[in-house]
Amino acid sequence: MSATLIFTPKAVLTAQKNLKEFIRLCRDELTAFNPNLEWDDLFWASDIESVSQAQFTKLDVGIRRTVRPGDELDAQYIDFAKAYFRYHFADKPTQGKVGRLMVAIKLLEKAFITLEVNADITKLTAEVLDEADEIVRDHYSAGAAYHGGAHLAALARFVSEKGISENYLDWSSSLRRARDNNKTGIEGKRNREKEEKE
């Protein structure tokens, strides 16, 4: 009886290898956010005074110290989520950065689950990103949704450029910047007067 061989394309092997190396680098070499954190913890406390915490739980789970079983991000996705968070937090360590990174990470995980596909970042597709775009539109105000969509696009660009996704993703969010009525000058004055009349 002959053995069955399964051909795995080089792009698939490369994406998986790149993902493993990216996770290893962020887990073992980066110290951003807190050099003493335990990688496997769901709750990471920051060692930076102006930045509080990161919690690797599903989108609909609020911030709390005690996490119930099933609240954590998908097992196939969580190590990528932590690595992506730590890598990008190192670039700009602010509380605002924590929130925006976590929203994009959690939106993407929810999209994988909603579409009932494995939450495997190496298999990220435009369909999953489109679903995440719809979820952010439903969960957040127009301004917050716009920023969530922009961070999803940045995440897609990152996994494409770093060879972590098997697919090249030239994706952008369908969400547009909300109109800003807090402008100064003549245009701002007209906007405020118009709002007062309505």
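Being a predicted model, the structure only gives us computed values, none of them experimental. (Residues numbered from 1 in each chain as written. Predicted model: local features only at pLDDT ≥ 70, side-chain atom pairs only at ≥ 80, totals over all residues. Heavy atoms only, no water.)

Visitor: Give me helix α5 (residues 142-161): which residues, what numbers.
Guide: Taking 1.5 Å as the rise per residue, α5 with 20 residues should run 28 Å; its terminal C-alpha atoms sit 28 Å apart, in good agreement. Turning to α5, its buried residues are A145, G148, G149, H151, L152, A153, L155, A156, F158, V159 and S160. (Helix = DSSP H or I, 4+ residues; strand = E, 2+ residues; numbered from the N terminus. Expected span 1.5 Å × (residues − 1). Buried < 20%, exposed > 50% of the residue type's maximum accessible area, 1.4 Å probe, protein only.)

Visitor: Describe helix α2 (residues 78-91), and please don't skip the residues or the numbers.
Guide: Under the 1.5 Å per step criterion, the end-to-end length of α2 is 20 Å for 14 residues, consistent within 8% with the ideal 20 Å. Burial runs high along α2: 10 of the 14 residues are buried. For α2, the full list of buried residues reads I78, F80, A81, K82, A83, Y84, F85, R86, H88 and F89.

Visitor: Please give an account of the side chain of S46 that cites residues and values.
Guide: The residue S46 is located in the loop between β1 (43-45) and β2 (53-55) in this model. In terms of polar contacts, S46 uses its side chain to reach the backbone carbonyl oxygen of F33, at 3.4 Å. The residues touching S46, leaving out its near neighbours within four places in the chain, are F33, N34, V51 and S52. (Polar contact = N/O pair within 3.5 Å; in protein donor to acceptor, adjacent residues only side chain to side chain. Contact = heavy atoms within 4.5 Å.)

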